[in-house]
Structures are given as C-alpha cells and as structure tokens.
2 protein chains.
Amino acid sequence: MAKRLLIGDPLTSEKLDDQLLPKKMALPIFASDALSSVAYAPQELLMILLIGGTALLTFSPWVAGAVVLVLVVVVTSYRQLIKAYPSGGGDYEVARTNLGEIPGVIVGAALLVDYILTVAVSVASGVDNIISAIPELNPFRIEFAVGFVVLIVIVNLRGVREASAVFAIPTYLFIGSVALMIVVGLARTVAGDPPVASSADYAVQAESLTQAAMILLVLRAFSSGCSALTGVEAVSNGVPAFRKPKIRNAQTTLSLMGIIAIVLFVGLTIVALVSGVRYAEDPCHLVGFDCTQPQPSLMAQVAAATFGMGSIPFFVIQAATACVLLLAANTAFNGFPLLGSTLARDGYAPKSLNTRGDRLVYSNGMIVLGIVAIIVLIVYQADQTDLIQLYIIGVFVSFSLGQIGMVRHWRRALRGLQDLTPEAAKQDSARYERRSAISGLIINAIGAGLTVAVLIIVTITKFTHGAWLVFLAIPILAVLMVGVNRYYRDVEHEIEMDDTVHFGAEGDVAIVLVNRLQKPIVKAIDYALAANHEKTLAVHVAVNEADAARLQKDWAEHEVPVPLVIIDSPYRAYTSPVAGFIQKYREKHGSSVVTVYLPQYIVGHWWEAFLHNRRARRLANQLMLLHGVSITLVPWLLDSSEIIYGRRSRPLPGQQRGGQPMPEVGHRPHHLSRGSDETPPSAG
Amino acid sequence: MAKRLLIGDPLTSEKLDDQLLPKKMALPIFASDALSSVAYAPQELLMILLIGGTALLTFSPWVAGAVVLVLVVVVTSYRQLIKAYPSGGGDYEVARTNLGEIPGVIVGAALLVDYILTVAVSVASGVDNIISAIPELNPFRIEFAVGFVVLIVIVNLRGVREASAVFAIPTYLFIGSVALMIVVGLARTVAGDPPVASSADYAVQAESLTQAAMILLVLRAFSSGCSALTGVEAVSNGVPAFRKPKIRNAQTTLSLMGIIAIVLFVGLTIVALVSGVRYAEDPCHLVGFDCTQPQPSLMAQVAAATFGMGSIPFFVIQAATACVLLLAANTAFNGFPLLGSTLARDGYAPKSLNTRGDRLVYSNGMIVLGIVAIIVLIVYQADQTDLIQLYIIGVFVSFSLGQIGMVRHWRRALRGLQDLTPEAAKQDSARYERRSAISGLIINAIGAGLTVAVLIIVTITKFTHGAWLVFLAIPILAVLMVGVNRYYRDVEHEIEMDDTVHFGAEGDVAIVLVNRLQKPIVKAIDYALAANHEKTLAVHVAVNEADAARLQKDWAEHEVPVPLVIIDSPYRAYTSPVAGFIQKYREKHGSSVVTVYLPQYIVGHWWEAFLHNRRARRLANQLMLLHGVSITLVPWLLDSSEIIYGRRSRPLPGQQRGGQPMPEVGHRPHHLSRGSDETPPSAG
C-alpha cells in the first residue's frame, strides 16, 4: 500500500532508544535552523538599510554587531536553560514552571507559530536561492515551496533517525562552502582584487528620510537582522532526542552552533558590503535592474561575485544553501511534534498529539504542521520578506518569557540555598550550587533584559508590516489551549472516584443480535455461552418474513443451543425494536446488565472497509446509550486480513498457536478501526 | 450543529410511508428531467444544422419529426416496462432478469453515468439561461453551476417530500409560460406579425459540405435532438416512490409527460424557425455577433422575440426555464440513490448505498452524485453542448438494452401461456394476458428496433465529439460492479455454515484493562462481575512506576473486589505486554475465551472527539487479532452527551427509568461512532 512505500514498515517501540541522536547528527538536525538564518538575515538587514539609500550602509557594521551581541547573549542564556530544564519543554516549560500557566501557554502558542513560520520562511528562502541559480523556475515558486513541504513531511514520517542521516551532509557542505566563500572573498579583497556584485553599480531610489525616520529604519534593519537568531531555541526543545550525557551534548551542540552562526553571519555581511551587493525590497527601485526578472538572493550575488556566475562553486553554494534551508524547515518537524506532545501531556493540546505513530514519531503533529505551513506559504505567495516580518515576533516572545522565567528559576534556587543550615551551606556542593545559581541568574538576567528590549524594538518596527497577525494568532491559540485544558480537567473531575461509586450491579443477560446464521454469529453465540451469563438470548429483528422464516429453519437445523427471539420491525427499524425488547425484558426480570454481542469484521485491504456498511456499528453505538447496556464485539477476521496480518506482523513467542498472529503496536490501526460490521444485503 | 440546520431533524422510519408521492407531485419530481430537455434539445438540433448553413434548416421539420416519433415510441414502450417491472429497477432490472448479469450491470453503469450527466447538463443549461437573461453573470458560470449542485444536494438530504413541495410550482410555471409563449408566437405569425429573433439577420459562416457530410450532419442534428428524450426513463425508476395504485399512477404520469414534452418541443422549434433564431456552436461564426459576449440561449431568443427583450414575461420564462432545469438535476438526486440502493441490494454496489440516512433518504448516494457532478462541471467548464455529447449515448445504451430485455420478457410470457392446458387457455384471464403480452411484444419490439437504430446513429455521430469517454466510463464502472459482487459472494461463502461449525468453547476469563481507578473503570469492573465470568482480572500496563503505585494504593483504598495484575512495559508499549499476558494465562489455564473490558466514552459535541485519543480503541482493534479474544465496550456517557441526547431524543415508553434516554434510529451516529476511548494524559 502507498503508505508503506512512503513511510516504511512500522517500528516496535523497543526501537525508540536507537532513534536517539549523536552530536554529529544532532547538529544538522537541531542547528540547521539557526545556521540557515545566515542565508537570509544579512540580506534582510542590508535590504532595510538600502531603503534609506546606500548612505545608510555605513550603519551596517554597527547593526550587524548588535545582532551578534544578542546572539551571543541568547546562546549563553540557553546553555543555562538546557542545564536547568533538560526535559525538552524549553521556553514553554521554563515559563510554565516559573511564571505560571498563562505565560507558559503563551510561550507554547508563540513557539507553535514559530515552528510554522520556520517551515514557511526556510522553504520560501530555499526556493528563492534555487531560483537565484536557475531563474527559469521563477514561475513555479509556490509550487516548489509546497512540493518541498510535502517532501519533508514524508521524510519525517519515516522517523527522526533516517531523516537526519539523509540531511547531515548538506549542513556540513553549507558550512564548509560558505566559509570558503568568505575566506576567498576576503583574501581577494586583501589581495586588492575585491569581488564585485552584479548589482554593485545599480543606483538605489532612496526615500528622503527625517532623522527620526532614519533611526526607525536602522532599528528596523536590526530587527530584520535578528532573524539570524531564529532557531536558536530548537536545541533546548530537542534535548530528549540527544544521546547521553544529554545535557552536555546539547550544550556543546548549542555553543558550536552559535560560533558557526556568528562566523558565517559576520563574514557574509562583510563580503556582501565589500562586493557592493544591492538588494531592494521592491526590485524596481534598483535603477538599471530589469525588475520583471527575479532578484538574485544576496547569497547568490556574493557567490557569483566571488567565484563567478555559473561557476561550479557558485552552484555548489546555492545547492548547499537551498538544502540547509530545507533542513531548517525539517528542524521544525522535529521540534513542533515534540512540543505538541509536551503540551498534550500537560493537557493543553489534544492527546492525539502525544501518540506515536507507526514509525515512533508523533505523526499527527507533523501532518498538522505540514498542512498549516503549506497554507501560509500559499497565502503569502512564498514571499520570504513578508514572512520574516511575522517570524521574528514569535521568536522573541518566547525568548523573553523564557529568559524571565529563568531569572525567576535562579532566584528561587538561591532562596532555597539560603534556607540551608549553616553546616550544609558550608559544603562544597552547596557552594558550587550557589555559585552556578548566581552566574545563571546574571546570565539570564542580561538575556532577559536584552531579549525584552529587542522584542519591544521588533514589535514597534514590524507591527505595521504584518506582525499584527501574529499578535492575533498567539492569543487565539493560547485561549484554545486553555480551553482544551479546562475540558480535560472537567472530564477528569467528572470521572474521578467519589462516594457514589459502588459495586454490585444486579441481573445479567446476554443478547446476541442475529441477522442470518453464519459463522461469525455462531462464534458470537459460542463466546456468549462460554462467558456463562445468567441468561443468553439470540434476537433477530425481522425486517422481512422470508429471512425470519429461513433463520428459524436454520436454527432448528443446526440445533443452536440458544433460544431465538424474533422481533417484528414493519418499518425496517433496528434500534427501536431492540431497545423496546431490552426495556420490556428489564421490566419483567428486574434491572439487568445487558451485554449485546455483535460480530465485528476485520478486513485486510483498506478498500474493503467501503464494502461493509456500518449499520451494526451504528446500532451498537445507539444501544450503548441505553441504561445498563454494554457491547461485546466478537472479531471475525476475513481471509484477507489474515493474509495481510499474517505476512506483515512478527508473532510473539508461542503466538502462532493462537492461529492469528499478533501485530505490532500501532500496526495499521486505521484499517482495523475501519473493520466494519456485517448485515445481510437484503436488509435495506 | 450545522448539519441539523441544513438537513433538518432526523425522521423515524415510521415516516417512510408519508414520503410517497401523489401524481401532482410526482410529475414535477420525475418528469421535470424529460420536460426540461425541451430547453436545450431544439437549440442543439438547430445549432448542428446551422453548421451546414441556413439552407440546412429546411431539414429541421423532418429531423424534429423523427425525434418526436422516437419519443412517442419510447414513452409507449416504457408504459409496458412500468407495468411489467414496477419495483423501480427500471431498465437495469429488466436487462438483468431477461438478458443476464452482464447486460444488467452495463445498463446499471450506463444509468449511473446518465444521472451524473443529467445533473451536469441540466445545471449547465440552467446557468446558461440565467446568463442569457443577465449576461453580467457570465464570468461566474462555473461558480454558479457548482453552487446550484451543492444547493440541490442539501435540499435533497432533507428528504424527497419536502424537495418536491419546494419544486412543484416552477415546473408548472415552466409548462404554462412556454406554452403561452408558443401560442403567442404562433398567433402573431398568423396575424402577420411574426416574432423576429435578435440573431435573425446574422449571416452564418457555413462549411461547404459534400453530400455525405450533409447527411452525416443531419444525422448529428437528429442525435442532438434526441437529447429531448433524456429523462424519460426517470419515471420507470421511480415507481416505488408513487402513491398507490403505483403502476397506474406512474403510467399516467409518464404519458402526460410525453404529451407535454412533444407539444413544447415541437412548438418551440416552430417558433424558433419562424423567428429565425441563429445559434452557432462557435458564436464567432455568426457574422455580426460580438462573440466576446455570451450567446443567448434559443429559449431566451425566442422569449425576447415574442414578448420583447427585458419584458416581464421574458424574465418569467427565463426564470421558469432555469428552475425546471435545476429540478431536472434534482430528478437525478431521486433516481441515482434509488438505483444505487437497488444495485447495493443485489450486491453490485457498496452496501452503504442501501442505508437510509437520518432523513430516510439514501444520503450516501446523493453525496457521491453531487461530488462527481461537480467535478464533471468543472472539467467541462459547465459547457452544455460538450456535456450533451456524452449524455445521449448512455441514455440510449440503457434504452436499447431495456427494450431488448422487454422483448425477451414478453416472449417468455407467451411461451408460459402456450404451456397452459387448453381449458385454462380458453379462460378470459388467459386470453387477456395473451393479448396484452402480444401487444407488449409488438410495442417493445418496435421500441427496441428504433432505440438500437438511434444508438447506432448517435454513436457514429457523437463518438469523436467526446462520447468515447462514456464508452470508457461505462465498462470500467461495470467491471467495478462485478468485482464488488464477487467480493460479497466470496465473503458470503467464507462465512456460511459448514461442518466445521460447532459450539463449546472452553474456559472463560474477563480482563478489565485499568489505567487509573476512575468511575468508567469501576463501571466496567462492575459489569464484568455481573456477567459472572469464571475468572475476572484487572490488568494495568505500567508505563511508569508512579502511576502503578498510585493505582495499587487506590485499589486497596476502595477495596475493589477484583485482583489487580500489573504488567511492566519499559517501552511504553501497550499491546504486546497485554498480548503476552493473555498468551501466558492461556498456556497456564488451557485454551480460554478472553473477554477484554474497555470503557468507551460517548461524547456529545463533535469536537470532543478530537480531544480523546484513540489508543484504547487501537488497543482493542489489535487485541481482536488475537485468538479467542473479544472486546466488551462499557459505555460511559460524558455529561455533554447526556445533555445533548437528553434534549434531542424522544424516550420510548418507560425509558426514562433507564436514566439515559433512547435516541432515534440513525440519530447522530456520526458522533457516536466518533465516541472515543480514554487513556490518562500521563500515558503516552
């Protein structure tokens, strides 16, 4: 079946451990998001400055510097966070434990939005870089974007491990090739032969700006540049997926990632400035550029300037860039489902997000993410710049709340240490804890201050540029999550034990509903008898005399050891007559526990489900609304199902004796749940 | 919920009888298809002739005459068919009983295709007439078409009776107004002031034709004209929906329909010719006509010519025409599901087509028809002419096979009568039967000959114009149907009683799967105890120690009268441990019938389904694959469900005592079937 081909055979949960990630795999998986930001952050930064004309480019080193500063601080802060909260809850868990439910939920919502936008932005940017190399593809921008998302979903449904194997190489290729490009670029500059971008000699139609406007523009540039930080949190959310020692490995990966990101970001910005790249929000503002053509990405321009347009290194870089950006999208497909399952565990999201699928990944989460991302990409026409406007807000909402939470965390820790007895306080361990707590407090305090500051700047500068949408989405999501939580809470309360609970239901009768005397029915009757109920009856709803008569004949013929009751149903109704019968029976024999036996067909091929109608199931569902009625489904495996499960499943030891082998956990439940119930064709 | 609003409250099957149709209602319901053909048949006829230029119009009276002849013959033949096969199987049943399975299936397939095309053609033509009156709507042709189909589906899901009430008036309005238009048109002509069509003075770019080509063209015109016959069979398929005496009423309705159809068809053609309507397949072939504009339909042109463009009668006629065409589409929504259920009854279609929905209509069939029709409309851009090419073939395939079947039928009948003893043969009754059989034979023989002849002509003339698609679709459908039939046959064989069947399963144990000690579990345990199995065990799969410990504590606390078994599951697996336990238990205590008790949540609101994950259900489905295991679902109605069903359902007498009231047949089963299973948020 298609699903198997695409997603691969199911895995037993026992395999769960093998799926954990070594560092060299974790880096591409969790760091690619942050690293890939390098592919668009410098471009967005310069683009915004260029709105004010080339003059403003003089600010760019300062703006870039500010971004780097923030990056350093944030990375350091997250090292603390990983140490304190290694369970993968990341900012969400921190905010929830230290700041309470609502901030936690808000962070959760913000992160979910981030993940969606990570996919959208990365894919959009990836496609943009492909088009920069092969402009002919420009008309299919959106089609490509959507196609890639679908591809990523499929790869991820196959399971984390394989995904990382597939994707490890390009990340390293990206780091290597871009680093090389920077070195070459700088070397040429030093050697007095600086690379020159194709757009270097385009004049830029600048808006004449007031002092205030100019400052605002610089701030906007900074905000856009901060898109370099996106994805830093990914690692902290992915700790559980690391090999032991999880914390150490995660921290190392995070720092490594930070260093690489800074080097690439700074290097790329410098070479871009040296080679005089011009990139405009509206390409038609570039005097001399034919703005019917797609504007090549900054990465592409720098690569072309350094190695020559259409040279092999040029294509290598574009390919690696595109791949790493798709990998970044892939990151979200690791983070989103993990967060989703955490939220589900805490009762803020549907429990189904906490159910591992056939391949031990949280399939539901991945599918949801894929669908929403595709919608966003289509709505925004896969326009990277527009999407980044939305992106940064959510990122810094979670950064800030996460950091503030950490501050709270350390202060609690310190308070805890103060309560120690003087003796205990003297011990080295206590001293050490105290020291690390203080350092943690300082680091995260700085982190909090900075990220909040950036959040304010970003909000001011981006709100009118589309970010308002995120300010709408996050609260709505948060409210939904709280609603879900309240629902679960109510159900919990509704079903928790109390004084009303008592045992000792009276009376007991088994009713086997019979349409025709066939093997499944016989099995059902046999089981009913084996469960020696006080009384066992076979009941037939006579929608037409012929069938009823025939049934009675067969009944006698096969000497079925159960009395057959026939109820008339002139209007072909099923439920009401049975319900009426149960009612009367109960009135006569006192309150009874009624067990209704129904044969349940189990089919092998998905299409068989369409060929069995669901009347018996509907009947069961309706009878379950009656007081004291429970339904016993007696399975009947059709040959097809035996073939399939026989072939597909690995029997437990001593299982074969059972005749029907045992499927694995999560083995094609969707078919089984479609496995449906039989009624004779005659009954309309 | 939305469904209620759109479709109305559920009906008890007892209402089925009231849903039968009196003649005055049956005419609009079943005859509107044939009558509405008048709206496009003359147009298509003249359009084809005009390809050969205005000169060819001289043939039009003869072509129209031929069409009328066929119509008369077909109607008369169907009167016989109704008498002989009043069960509503129509051509399908006739072909199946008299010509065998394959011809029967082919007719079935052909009819299904027809119904789809009836919807497509009628809606397309209806929209065309609306646009002829309000050309501004032209850009929204397809949107309108799709919208109307959706509308019709909704109306029909409300049930036959209401649908006909909604639609009776426009049919009569159509008949009346068009008749009036014809009278006025002819009167004016006689009075020497003939109506003049807006297109009368357009020259037509004619193709210069050879003798042969001209003959072929005339035949093509005849074929297109035969679209006037489409829908004649509808009545014969709808007999069961008539009030008693069904046969008489159906026959009368059929004849009435035939007469009206002929009068309108002939009248309209004459007035169109008199007023010199010019209608071209490609409007750009009309010299003088701005072919960027939509070409007004023949009906519109005649109406405008007779009453004046934009006059009130003009709009009345256009409105009535559009309405009656939508009604024709509606016919298919009565015929298709009925045929579908017949096919399902005979095992040639999924049984679900034979299941009446909440409103006692075959909902599934209607939805399928709606979806396919929409697809066809979109693919063919709602182009009436293109669609008609496909349409006529299927119609005449079923006509021909039906008629041939009838010939067989009568000859059988006669043979039967010959076998009578001379005495019996002398009796009046026998004489009468003999006479009617002979007359029937003659009538249907003529019918068969003629329809086959027409089928051949239609095939020759239409095949290259898209009809080949139908020649592809019908066999594919037929093969599928046979496949379905074989599948059901195999299943039947697989489950039918044989010597292997015997009673006396040994051993019996009940296992209640416990996650936490909550009310639903207690209820399950209580029921298990009531059903006094030989042994009852509570089993907990320990995915983490904490829960297990807590459970044991609660167990002791509440003195649960059942031993609690705890199985470790290091890998959070559920099925394998339980399966293993059952396996071991069986090995120790000999072959057992194992009944696994699971609480089944029943939710009220549809969205609640998303908030309960399906693990327990999946578990059940997987355990059912084990030998000797059956599943008992112990329902637990959440408050929400009680609120909803409490409010919505009408309790049976003495039902209230039961606590939970009784829903009606087919009462919101879709929610119940979503009713899902609980597992604690912790497990995951």
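Conventions used here
Residues numbered from 1 in each chain as written. Chains lettered and ligands numbered in written order. Predicted model: local features only at pLDDT ≥ 70, side-chain atom pairs only at ≥ 80, totals over all residues. Heavy atoms only, no water. Pairing = 2+ DSSP bridges. Helix = DSSP H or I, 4+ residues; strand = E, 2+ residues; numbered from the N terminus. Axes fitted to C-alpha atoms, helices over the stretch in contact; angles between N-to-C directions. Disulfide = S-S within 2.5 Å. Buried < 20%, exposed > 50% of the residue type's maximum accessible area, 1.4 Å probe, protein only. Phe/Tyr/Trp six-rings, centres within 6.5 Å; stacked < 30°, edge-to-face > 60°. Patch = residues over 30% accessible without salt bridge, like charges linked within 9 Å, V, L, I, M, F, W, Y side chains within 5 Å. Areas by Shrake-Rupley, 256 points an atom, 1.4 Å probe, with all protein chains shown as cover. Salt bridge = Lys/Arg side-chain N within 4 Å of Asp/Glu carboxyl O. Lys, Arg positive; Asp, Glu negative; His and termini not counted. Charge placed at Lys NZ, Arg CZ, Asp CG, Glu CD. Parallel < 35°, antiparallel > 145°, perpendicular 65-115°, else oblique. Left-handed = near helix turned anticlockwise from the far one by under 90°. Nonpolar A, V, L, I, M, F, W, Y, C, P; charged D, E, K, R; others polar. Right-handed = clockwise from strand over helix to strand, strands pointing away. Contact = heavy atoms within 4.5 Å.

1. Remarks on the sheet that holds strand 5 (residues 564-568) of chain B
- Overall, mixed pairing links the 10 strands, which are arranged 5(A)-4(A)-3(A)-6(A)-7(A)-7(B)-6(B)-3(B)-4(B)-5(B) in an open sheet. Of all the strands in the sheet, just strand 5 (564-568) of chain A together with strand 5 of chain B have a single pairing partner and so form its edges. Between one strand and the next, the sheet's axes are offset by a mean angle of 30°, whatever the strand orientation.
- Relative to strand 6 (residues 593-602) of chain B, strand 3 (residues 508-513) of chain B runs parallel, the two sharing five bridges. Note that in strand 6 of chain B the partner of B:Val509 across the bridge is B:Val594.

2. Let's talk about the state of the cysteines
All names here are of chain A.
- Using the criterion set out here, one finds two disulfides over all chains in the structure.
- For Cys 284, the disulfide goes to Cys 291, at an S-S distance of 2.1 Å. One quick way to see it: the torsion about the S-S bond of Cys 284 and Cys 291 is about 95°, and its sign makes the bridge right-handed.
- For Cys 284, a relative accessible area of 37% corresponds to the partly exposed category.
- A residue is classified by how much of its surface remains accessible, and Cys 291, at 29% relative accessible area, is partly exposed.

3. Details of the packing of aromatic side chains
- Scanning the model with the defined rule gives 18 aromatic pairs over all chains in all.
- On the numbers, 5.4 Å between centres and 45° between planes, the contact of A:Phe463 with A:Phe471 is tilted.

4. Remarks on a nonpolar patch on the surface
- A contiguous nonpolar patch, built from A:Phe463, A:Trp468, A:Leu469, A:Phe471, A:Leu472, A:Ile476 and A:Leu480 and spanning about 650 Å² of accessible area, is present on the exposed surface.
- On the basis of relative accessible area, A:Trp468 is assigned to the partly exposed category, the value being 42%.

5. Things to note about a positive patch on the surface
- Taken together, the side chains of A:Arg408, A:Arg411, A:Arg412 and A:Arg415 define a basic patch exposed on the protein surface.
- The residue A:Arg415 is located in helix 15 (residues 384-418) in this model.

6. Some words on the packing of helix 15 of chain A against helix 17 (residues 428-462) of chain A
All names here are of chain A.
- Interaxial distance between helix 15 and helix 17 falls to 7 Å at its minimum, and their mutual angle equals 155°. Classified by the interaxial angle, the pair formed by helix 15 and helix 17 is roughly antiparallel. The crossing of helix 15 and helix 17 is left-handed.
- For the contact of helix 15 with helix 17, the per-class residue count stands at 22 nonpolar, nine polar and four charged.

7. Description of the pairing of strand 7 (residues 629-637) of chain A
- For strand 7 of chain A, the tally of buried residues reaches nine of nine residues, placing the bulk of the element in the interior.
- Where burial is concerned, the two faces of strand 7 of chain A agree: the one with A:Val629, A:Ile631, A:Leu633, A:Pro635 and A:Leu637 and the one with A:Ser630, A:Thr632, A:Val634 and A:Trp636 are both buried.
- Here strand 7 of chain A runs beside strand 7 (residues 629-637) of chain B; their pairing, made up of three bridges, is antiparallel. Pairing of A:Leu633 across the sheet is with B:Ile631, part of strand 7 of chain B.

8. Remarks on the side chain of A:Ser60
- Positionally, A:Ser60 belongs in helix 4 (residues 60-84).
- Residue A:Ser60 is classed as buried on the basis of its relative accessible area of 0%.

9. As for the pairing of strand 4 (residues 535-542) of chain B
All names here are of chain B.
- For strand 4, the tally of buried residues reaches seven of eight residues, placing the bulk of the element in the interior.
- Bridge count between strand 3 and strand 4: five bridges; the pairing is parallel. Following the sheet pairing, Val 512 is matched in strand 4 by Ala 538.
- Considered for its hand, the β-α-β crossover made up of strand 3, helix 19 (residues 519-530) and strand 4 is right-handed.

10. Details of the environment of B:Cys226
Residues and elements named next belong to chain B.
- For Cys 226, the position within the fold is in the loop between helix 9 (211-225) and helix 10 (234-237).
- Of the residues examined, Cys 226 reaches a relative accessible area of 1% and is grouped as buried.
- Other than its neighbours up to four places away in sequence, Cys 226 contacts Val 67, Ile 392, Phe 396 and Val 454.

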